[in-house]
Amino acid sequence: MKKFVPFKRMVTLSFLAAELFLGGCSGDPLDIVKSEARDGSKIIVCTTTMIHDIGKILAGDLHNVRGIMQPGEDPHIYELKPHDTILIIEADLILMNGLHLEAQVGHVIDTKAKGKVVRLAVDSRIQTLGSEDTEGAPDPHCWFNPEYYKVYVEKACNALSELDPENAGTYRTRTDAYLKELEGLHAWGKEAIATIPNERRIMVTSHDAFQYFGQAFDIEVHAVAGISTEQDPTPQDRLKLEALVKKRGAKALFIETSVRDALNVMIRQIATATDAKVGGVLHSDSLGAPGSGADTYLSMLKYNLNTVVKALQ
């Protein structure tokens, strides 16, 4: 069996972009959109924290790149604030996930947006998965397969280049560099997961957000709730998972940072009932807060991979 070697943090484009954003982009979104003097920059609005990360990396020093959701907020149940609607109306470009992930936010974008809207997960290169309990509805958590996240980045690059042709070369250069980092992390992740014996590669999580992660890294994934955190699991769901954990000898279950407490409570109850352990906390529908070690897409994916490998070995 291979020895697991933790992924060492690199000084990456994403890290530098995060530093730049935190240091130079404070301010109330209302002040920004009300400002009459825009100095030629555009307002680029990103829905989720994962997509906001792309926007900051590719254009954070060139335009007003704004995120609607903050770290730890759940896009499935996020409730729009008044300034969010203003941002949506005033945006020159909106980058969103699509596939119904953004729920209420998506509805407002559909009805209020005046600028171009790009749904990054809606692409022929992304083969969407479904969920057993959603009657074929697409699973929107495509970003957990790094190959699909590369599609997000490419589409964002194209949209920015169309909006701002003068800086198209800059977006292309930054995209190419970032894609190399993604490829490196993906390769390391597959090697890390390969250190886990096949029979132990079973994840049980709070909601069904990790099927693409399982697809990318060869892990079997089960969850308490479906692809939306709005769905309430039934007692039968709990019993079914308890039986599966016992039968398969699942070593660890995982709670999540951006879901309702009730879902994490059920994970702990299943762990207690089956003598399994809670293997750690995973970031699912949101990045972590600044300083958490999971505040960019790359660091979040690395964090989740490290957590899974350590728990399942």
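Presented here is an overview of the structure given in this document. (Residues numbered from 1 in each chain as written. Predicted model: local features only at pLDDT ≥ 70, side-chain atom pairs only at ≥ 80, totals over all residues. Heavy atoms only, no water.)

## Digging into the overall build of the chain
Counting secondary structure elements, the chain contains 11 helices and 8 strands. With 313 residues in all, the chain has 55% of them scored as buried. For the chain, the share of sequence-separated contacts (at least 6 apart) that also reach a separation of at least 24 residues comes to 71%. Surface exposure of the chain reaches about 13,700 Å², of which carbon and sulfur atoms provide 51%. (Helix = DSSP H or I, 4+ residues; strand = E, 2+ residues; numbered from the N terminus. Buried < 20%, exposed > 50% of the residue type's maximum accessible area, 1.4 Å probe, protein only. Contact = heavy atoms within 4.5 Å. Areas by Shrake-Rupley, 256 points an atom, 1.4 Å probe, with all protein chains shown as cover.)

## Observations concerning the pattern of salt bridges
Inspection of the entire model under this criterion finds 13 salt bridges. The partner of Arg119 in a salt bridge is Asp110, and the shortest N-O contact between them spans 2.5 Å. With a relative accessible area of 31%, Arg119 lands in the partly exposed category. Exposure remark for Asp110: the relative accessible area of 53% places this residue in the exposed category. The salt bridge partner of Asp218 is Arg201, with a shortest N-O separation of 2.9 Å. In this pair, Asp218 sits in the loop between helix H8 (211-217) and strand E6 (220-225) while Arg201 sits in the loop between helix H7 (168-193) and strand E5 (202-207), placing the two residues 17 residues apart along the sequence. For Asp218, a relative accessible area of 52% corresponds to the exposed category. Classification of Arg201 as buried rests on a relative accessible area of 11%. Through salt bridges with shared partners, a single ionic network connects Asp123, Arg125 and Lys155. (Salt bridge = Lys/Arg side-chain N within 4 Å of Asp/Glu carboxyl O.)

## What about the packing of H7 against helix H11 (residues 297-312)?
Taken N-terminus to C-terminus, the directions of H7 and H11 make an angle of 5°; their axes are 10 Å apart at the nearest point. The angle between the axes of H7 and H11 places the two elements in the roughly parallel class. Contacts from Tyr178, Glu181, Leu182, Leu185, Trp188, Gly189, Ala192 and Ile193 of H7 reach H11 at Tyr297, Leu298, Leu301, Lys302, Leu305, Asn306, Val308 and Val309. When grouped by side-chain class, the residues that make up the contact of H7 with H11 number 12 nonpolar, 2 polar and 2 charged. (Axes fitted to C-alpha atoms, helices over the stretch in contact; angles between N-to-C directions. Parallel < 35°, antiparallel > 145°, perpendicular 65-115°, else oblique. Nonpolar A, V, L, I, M, F, W, Y, C, P; charged D, E, K, R; others polar.)

## Overview of unusual backbone geometry
One non-glycine residue with positive phi stands out, namely Ala103, at about 50°. Assessed through its relative accessible area of 35%, Ala103 is described here as partly exposed. Even without being a glycine, Asp218 presents a positive backbone phi close to 60°.

## Things to note about the nonpolar core
Ranked by size, the top nonpolar core spans 61 residues in total, and within it Leu95, Tyr149, Met203 and Phe213 carry the most contacts. The set of elements that each furnish at least two residues to this core consists of strand E1 (43-46), helix H3 (49-59), strand E3 (93-96), helix H6 (146-163), H7, H8, strand E7 (252-256) and H11. When near neighbours in sequence (up to four residues on either side) are disregarded, Tyr149 contacts Met50, Asp53, Ile54, Cys142, Trp143, Tyr178, Leu182 and Tyr297. The next biggest cluster of nonpolar side chains, apart from the first, holds 16 residues, and it includes Ile202, Val224, Ala250 and Ile255. (Core = buried A, V, L, I, M, F, W, Y, C linked by side-chain atoms within 4.5 Å.)

## Here we look at the environment of Ile227
Within the fold, Ile227 resides in the loop between E6 and helix H9 (235-248). Owing to a relative accessible area of 7%, Ile227 belongs among the buried residues under this scheme. Sequence spacing of Ile227 and Leu101 is 126 residues, and the spatial spacing of their C-alpha atoms is 9.1 Å.

## Here we look at H11
Helix length check: H11 (16 residues) gives 22 Å between terminal C-alpha atoms against 22 Å at 1.5 Å per residue, within 8%. Counted residue by residue, H11 has 14 buried out of 16 residues, so it is predominantly covered. (Expected span 1.5 Å × (residues − 1).)

## Comments concerning the pairing of strand E4 (residues 116-119)
In this sheet, E4 lies alongside E3 in parallel orientation, the contact comprising 4 bridges. Bridged to Leu95 within E4 is Val118. For the crossover that starts at E3, traverses helix H5 (residues 104-112) and ends in the parallel E4, the hand is right-handed. (Pairing = 2+ DSSP bridges. Right-handed = clockwise from strand over helix to strand, strands pointing away.)

## Let's talk about the environment of Gly130
The residue Gly130 is located in the loop between E4 and H6 in this model. We classify Gly130 as partly exposed; its relative accessible area is 40%. On a C-alpha basis, the gap between Gly130 and Gln211 in space is 9.0 Å, while along the polypeptide they are 81 residues apart.

## Let's talk about H5
Here H5 has its buried residues at Val105, Gly106, Val108 and Ile109. Along the axis of H5, the buried positions cluster into a sector of 160°, meaning they face one direction only. Within H5, the exposed residues directed more than 90 degrees away from the buried face are His107, Asp110 and Thr111. (Arc of directions from axis to C-beta.)

## Focus: the sheet that holds E4
Strand order in this open sheet of 4 strands is E2-E1-E3-E4, and the pairing throughout is parallel. Looking along the sheet, the strands with just one partner apiece sit at the ends: strand E2 (64-67) and E4. Direction aside, neighbouring strands of the sheet carry axes that sit 20° apart on average. Relative to E3, E1 runs parallel, the two being bridged by 3 bridges. Bridging from a neighbouring strand, Ile44 pairs with Leu93 of E3. Against the sheet, H6 contacts E1, E3 and E4, and its axis sits at roughly 175° relative to E3.

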